[in-house]
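Structural characterization, general
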Amino acid sequence: MRFIFSFIIFLALTTSVFGQKNLDKTLKQLNTESVPYVQVDEVESTENLLIFDTRKKEEFAVSHIKDAIWVGYETFEQDSIVQKIPSKDTPIMVYCSIGVRSEDIGERLQKAGYTNVKNLYGGIFEWKNQGKNVYKNNTTKTDSVHTFDKQWGKLLKKGVKVY
């Protein structure tokens, strides 16, 4: 239900959001901040952090943050996560392209009882925009980032855009 609502809002706001080409404004319009943000520069100092990539498998295959675990969005299986990660205070960071889909998955993790869930502010786009490495697999660095489409791609300032 939330996905449908988010998609309708996305369609209604597309012109104004992308005309501004501004990640901050886009996130303020599309997110509620129900899952606390973690900034790119704070990630490396978090010990024992699990990183969940909530994008489509095709996006993950182009590049992802090192050691990220693909959990998907439409295919996300909460029960599988609960079975694999019994400790509800495990530090978890969710991310997607800019942080909208990952907020939804973060909310689902919170409802499942996880107490230490953070949403990467600006997602993989902001990660790459700040000069951080992305990987095609966990050993091969790449400059490519899947940008979903050309409209969303306007928010990626560094790297090679893949559609």
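Residues numbered from 1 in each chain as written. Predicted model: local features only at pLDDT ≥ 70, side-chain atom pairs only at ≥ 80, totals over all residues. Heavy atoms only, no water.

1. A short note on the overall build of the chain
So the rule is basically this: Here a strand is any run of E in DSSP of at least two residues, a helix any run of H or I of at least four, and the numbering for each starts at the N terminus. Residue exposure (1.4 Å probe, protein chains only): buried if accessible area is under 20% of the type maximum, exposed if over 50%, otherwise partly exposed. Using a 1.4 Å probe, accessible areas were evaluated by the Shrake-Rupley method; residue-level cover was limited to the displayed protein chains.
The secondary structure content of the chain amounts to 8 helices and 9 strands. With 163 residues in all, the chain has 48% of them scored as buried. For the chain, the accessible surface area stands at approximately 8,600 Å², while carbon and sulfur atoms represent 53% of it.

2. Digging into helix 6 (residues 100-111)
Convention followed: Helix span, expected: 1.5 Å multiplied by one less than the number of residues in the helix.
An ideal rise of 1.5 Å per residue puts 16 Å on 12 residues; helix 6 measures up with 17 Å between its terminal C-alpha atoms. In terms of residue burial, helix 6 counts as a mostly covered element, since 9 of its 12 residues are buried. All of the buried residues in helix 6 are Val100, Arg101, Ser102, Glu103, Asp104, Ile105, Gly106, Glu107 and Leu109. Positioned one or two residues after helix 6, Gly113 has a phi angle of 105°, which is positive.

3. Overview of the pairing of strand 2 (residues 50-53)
The following threshold applies: Criterion used throughout: strands pair if DSSP finds at least two bridges between them. When the strands point away from the viewer, a crossover counts as right-handed if the route from the first strand across the helix to the second turns clockwise.
As judged from the 4 bridges shared by strand 2 and strand 4 (residues 92-95), these two strands associate in the parallel manner. Opposite Leu50, over in strand 4, you have Ile92 as the bridge partner. Strand direction decides the pairing type here: strand 2 and strand 3 (residues 69-70), joined by 2 bridges, are parallel. When the sheet's bridge partners are listed, Asp53 is paired in strand 3 with Trp70. Each parallel crossover has a hand, and for strand 2 linked through helix 4 (residues 57-62) to strand 3 it is right-handed.

4. Quick notes on the pairing of strand 5 (residues 117-120)
In this structure, strand 1 (residues 37-38) lies alongside strand 5, joined through 2 bridges in parallel fashion. Bridge assignment links Tyr37 to a residue of strand 5, and that residue is Asn119. Examined bridge by bridge, strand 4 and strand 5 share 3 bridges and lie parallel to one another. Within strand 5, the residue paired with Ile92 across the bridge is Val117. Viewed along the sheet, the connection from strand 4 through helix 6 into strand 5 turns out right-handed.

Just distances and angles here, no functional claims.
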